[in-house]
Amino acid sequence: MRFEIKLAYRHLVSGGGQTALTVAAVAIAVTVIIFIQSLITGVQRRFINDLVGSQPHVTVKRPDPAPDSLARAAERTGGEVPGVAPGAFLATREEKQVQQRTDIEQWKQVETQLAQFPGVRTVTSAVRGNAFLIRGAKRLGVTVSGGDPAAQEKIVGLQEDMIAGSWLEIGPDDVVIGWRLADEAGVRLGDRVTLQSPEGVSASFRVAGLFDTGNNTADLGQAFLTLRAAQSLFATRQDVSSILVKLDDPFQANAVADQIAAALPFETESWMREQVFIMNALRSQDQSRLMICMFALLASAFGIASVLIVSVVQKSRQIGILKSMGARDRQILLVFTLEGLGIALMGCLVGSGLGALLLNALAQIPQTARFGKADKLFNIAWDAEIFLGACAAAVAATLIAAILPARRAATMNPVDVIRGG
Amino acid sequence: MGTEAAAAPVIVEAAGLVKTYGLGGPNPVEVLHGIDMEAREGEFIAIIGQSGSGKSTLLNILGALDTPTDGVVRIDGVDIATLDSDGLADLRGRKVGFIFQFHYLLEEFTCLENALMPITIQKGAPEREDIEYAKMLLKRVGLESQMHKRVTQMSGGQQQRNAIVRALVNRPRVVLADEPTGNLDSRSGQEVFALMREIARETGVAFLMVTHDDRLAQEADRILRIEDGLIQEVPRSAAAAAVGAARGR
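Here is what the cut-offs are and how they apply
- Residues numbered from 1 in each chain as written.
- Chains lettered and ligands numbered in written order.
- Predicted model: local features only at pLDDT ≥ 70, side-chain atom pairs only at ≥ 80, totals over all residues.
- Heavy atoms only, no water.
- Contact = heavy atoms within 4.5 Å.
- Buried area = accessible area lost by both parts, 1.4 Å probe.
- Salt bridge = Lys/Arg side-chain N within 4 Å of Asp/Glu carboxyl O.
- Polar contact = N/O pair within 3.5 Å; in protein donor to acceptor, adjacent residues only side chain to side chain.
- Phe/Tyr/Trp six-rings, centres within 6.5 Å; stacked < 30°, edge-to-face > 60°.
- Helix = DSSP H or I, 4+ residues; strand = E, 2+ residues; numbered from the N terminus.
- Buried < 20%, exposed > 50% of the residue type's maximum accessible area, 1.4 Å probe, protein only.
- Lys NZ or Arg CZ within 6 Å of the ring centre and 35° of its normal.
- Disulfide = S-S within 2.5 Å.
- Patch = residues over 30% accessible without salt bridge, like charges linked within 9 Å, V, L, I, M, F, W, Y side chains within 5 Å.
- Areas by Shrake-Rupley, 256 points an atom, 1.4 Å probe, with all protein chains shown as cover.
- Domains from an automatic or database assignment.
- Nonpolar A, V, L, I, M, F, W, Y, C, P; charged D, E, K, R; others polar.
- Axes fitted to C-alpha atoms, helices over the stretch in contact; angles between N-to-C directions.
- Parallel < 35°, antiparallel > 145°, perpendicular 65-115°, else oblique.
- Left-handed = near helix turned anticlockwise from the far one by under 90°.
- Pairing = 2+ DSSP bridges.

Points about the interface of chain A and chain B
Facing 25 residues of chain A, the contacting portion of chain B comprises 27 residues. Here chain A meets chain B over a buried area of about 2,400 Å², counting both sides, of which 60% is carbon and sulfur. Contact with chain B buries surface across chain A, with Arg-10, Met-325 and Arg-328 of chain A losing the most and accounting together for 25% of the total. Counting across the chain A and chain B interface gives four salt bridges. Inspection of the chain A/chain B interface yields eight residue pairs in polar contact (both at pLDDT 80 or more).

Description of the packing of aromatic side chains
The full count for this structure, using the stated rule, is nine aromatic pairs over all chains. With centroids separated by 5.8 Å and ring planes inclined at 70 degrees, the aromatic side chains of Phe-211 of chain A and Phe-224 of chain A adopt a geometry described as edge-to-face. Residue Phe-211 of chain A is found in strand S7 (residues 202-211), and its partner Phe-224 of chain A is found in strand S8 (residues 222-225); the two are separated by 13 residues along the sequence. Both residues of the pair, Phe-211 of chain A and Phe-224 of chain A, count as buried. Ring centres of Phe-100 of chain B and Tyr-104 of chain B lie 5.6 Å apart, and the angle between their planes is 70 degrees; this geometry places the pair in the edge-to-face category. An identical accessibility class is assigned to Phe-100 of chain B and Tyr-104 of chain B; each is buried. Members of the aromatic cluster, connected to one another through ring pairs, are Phe-98, Phe-100, Phe-102 and Tyr-104 of chain B. If you follow Arg-139 of chain A out to its NZ or CZ, it ends over the ring of Phe-132 of chain A, 4.6 Å from the centre. Seen from the ring of Tyr-133 of chain B, Arg-171 of chain B lies directly overhead, with NZ or CZ sitting 3.8 Å from the centre.

What about the state of the cysteines?
Summed over the entire model, instances satisfying the criterion amount to zero disulfides over all chains. With no disulfide of its own, Cys-391 of chain A has Cys-348 of chain A as its nearest cysteine by sulfur position, at a separation of 3.7 Å.

Overview of the pattern of salt bridges
Here the idea is simple: oppositely charged side chains can pair when their charged atoms come close. Taken as a whole and judged by the stated rule, the model has 30 salt bridges over all chains. One network of salt bridges, with partners in common, ties together Glu-41, Asp-76, Lys-95 and Arg-173 of chain B.

Notes on a nonpolar patch on the surface
A cluster of nonpolar residues, Met-291, Phe-295, Leu-298 and Phe-302 of chain A, forms a patch on the protein surface that exposes about 460 Å² of accessible area. Within the element layout of this structure, Leu-298 of chain A appears in helix H11 (residues 276-314).

Details of the side chain of Thr-226 of chain A
Residues and elements named next belong to chain A. Of note, Thr-226 is situated in the loop between S8 and helix H8 (227-233). Since its relative accessible area comes to 9%, Thr-226 is described here as buried. In terms of polar contacts, Thr-226 uses its side chain to reach the backbone amide nitrogen of Ala-229, at 3.3 Å. Non-local contacts of Thr-226, meaning those with residues more than four positions away in its chain, are made with Gly-146, Gly-147, Ile-170, Gly-171 and Pro-172.

Digging into the side chain of Arg-197 of chain B
Residue and element names in this part refer to chain B. With respect to the helices and strands, Arg-197 occurs in helix H8 (residues 186-203). Given the relative accessible area of 10%, Arg-197 is considered buried. Among the polar contacts listed, one links the side chain of Arg-197 to the backbone oxygen of Glu-219, at a separation of 2.9 Å. Ignoring anything within four residues of it in the chain, the contact list for Arg-197 reads Phe-44, Glu-219, Ala-220 and Asp-221.

Topic: the domain arrangement of chain A
All names here are of chain A. When its domains are assigned, chain A resolves into domain 1 (2-52 + 279-419) and domain 2 (99-265). Summarising the inter-unit geometry, the C-alpha centres of domain 1 and domain 2 are found 50 Å apart. The interface of domain 1 with domain 2 comprises seven residues on the first partner and nine residues on the second. Across the domain 1-domain 2 interface, the total number found is zero salt bridges. For the pair domain 1 and domain 2, the number of links is zero residue pairs in polar contact (both at pLDDT 80 or more). Elements with a contribution of two residues or more to the side of domain 1 that touches domain 2: helix H2 (17-52) and H11. Within the side of domain 1 that touches domain 2, the residues separate by chemical class into five nonpolar, no polar and two charged.

What to know about the packing of helix H13 (residues 329-363) of chain A against helix H14 (residues 384-410) of chain A
Residues and elements named next belong to chain A. Viewed as axis vectors pointing N to C, H13 and H14 meet at an angle of 150 degrees, and their least axial separation amounts to 8 Å. Looking at the two axes, H13 sits roughly antiparallel to H14. Once H13 is placed against H14, the crossing between them reads as right-handed.

Thoughts on the sheet that holds strand S1 (residues 10-21) of chain B
Spatial ordering of the open sheet is given by S2-S1-S4-S5 (chain B), a layout of four strands whose pairing is antiparallel. Looking at strand neighbours, the two that pair on one side only are strand S2 (29-40) and strand S5 (78-79) of chain B, the edges of this open sheet.

Here we look at the sheet that holds strand S3 (residues 44-48) of chain B
All names here are of chain B. One open sheet holds the six strands; their spatial order is S6-S7-S8-S3-S9-S10, and the pairing between them is mixed. For this open sheet the edge positions go to strand S6 (96-99) and strand S10 (230-234), each flanked by a neighbour on one side alone. The average angle at which neighbouring strand axes cross in this sheet is 20 degrees, direction not considered. Sitting on the sheet, helix H3 (residues 85-95) is in contact with S6 and strand S7 (174-178), with an inclination near 80 degrees to S6.

Overview of the environment of Asp-239 of chain A
Residues and elements named next belong to chain A. Topologically, Asp-239 is positioned in the loop between H8 and strand S9 (242-247). Take Asp-239: its relative accessible area is 8%, and that puts it in the buried class. With 80 residues separating them in the primary sequence, Asp-239 and Gln-159 have C-alpha atoms 26 Å apart. Setting aside chain neighbours within four positions, we find Asp-239 in contact with Asp-103, Ile-104, Glu-105, Trp-107, Val-127 and Gln-231.

A word on helix H2 (residues 55-62) of chain B
Along H2 of chain B, seven of the eight residues are buried, which leaves the element largely enclosed by surrounding structure. Burial in H2 of chain B covers these residues: Lys-55, Thr-57, Leu-58, Leu-59, Asn-60, Ile-61 and Leu-62 of chain B.

Following this line, the structure appears as structure tokens:
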């Protein structure tokens, strides 16, 4: 092995510009992969965080009770339905009871059960419903979410989006709304607003806090109350309307939602199914970045293959003479494969450095600040896996590119190449 | 010398050697028609013949670098037909040394590293005694001061002497030289030839040299002439005439 390493090393060193060119080809591919992967992963993470960060990954609800049909009632009772003659033809029309509230009574117990599912980070119960926010003549539709602020915070992560007032310390008399809603309703911090539920309950609340999530739907249409206040507003007594689940990995939402629905007598909603268009956008983004990475690798692999083929032709005399001195085919194969490996490793080193520099420069670009919150424009994902993955892919592509020239060198007939001298 | 050599063991032996190029193609060319020969330990043999007569082909086959179409070649008692490609490579590495018209030294390495190349291929790295032996040989051919120089920094004659040391460093049983002085001016050629002649005598290898130079051929122990694909021993007394005739054609 030492002979092969030595010869490969000397070839690379004496190759000079030729070696530098191939190393540059690998380095550029590695840089492109690291750059694209880190950028898109970062952008996606931030996007998901902005989008899903303020909502539960899985929502657990009591299913709407299915109406009982006469036919099913007849089956249960063995064909005897009061007022219907046995064997009579029955035609029934089923109507869903959509207007009925479906609250969860033993929610503390259900919370404990849900917390046992794999991948569940946090669980909290909430009373959620639609209501009107009334201020003078204005009636604005809002989605009200009532729960223990500390527990809700773990689901919605509102604290970092607060721009005025308080959130975690609110009392039963307080409401926290988005700045757009406040703007629309013409209220300021400390003003009083009325909330009116479909159950016919109206109550007055003090605007205790304002948030800016950057998401218009939330900023214009969401209001947060304490659990007690929401229970009164929606007349749920001691019950809750849904249990909110946050997962370690938001992309497991469908799987966990299905597991819960299969194991417990509840209906589940996954954010991924609610927002299919976003999932499709993310998926196509993933595919395009995969394509970019593939083409970068392919281009560099072709470059390396062609340079190595030229190098093998240039070195054919040498290969012949080495064989005349007893070098085996396998040794020659190894020499040129090691050259490919050397090029790949140097390319990875240079490419990783360049990629890191580029990402660092990108990460410095500031975002236009809003409400005094300074932020960076790009959220770069500094993942070791991205760097290692890019290098592994480059090494694999380079080795594959080196195989053809190396095999050509190994199978060269020494007599032919020496005679040519 | 002749009787002395006859008593020595046979190192290279060819019987009924046939080589056809382009076999299976539209016009196969039979270059060697049935060669029988042998080279004994310590013998210095000159092979003469006109261009294209098959001298180089014979040399390559005798060195296990090429395979015959028919016939048997034994190197140090081993029938090369019984060996696979790795076996042939090992045989070349251990028993055979090649010297070509061009030095074919590796430009990426120094004079000493080139001299040690066959050992490096075999063992990965030369041992101390290998290095000592290579240095002794380099000193013997007058390259003492060049040992750590790059190949490109040496003259043509020095490069060819470097190649001779490389051919001898693995203590081969036979050295095959294909016009080793063909690329040198006559003075360097004479020097290189004299060195080969002396070292062959000192080390006891069988030395087969293809040459066009009749004066050099005359100094060999035996002269073999290849003509029309057949080999013929030229009596020493008639050597000059034979070489002259071969050159004249």
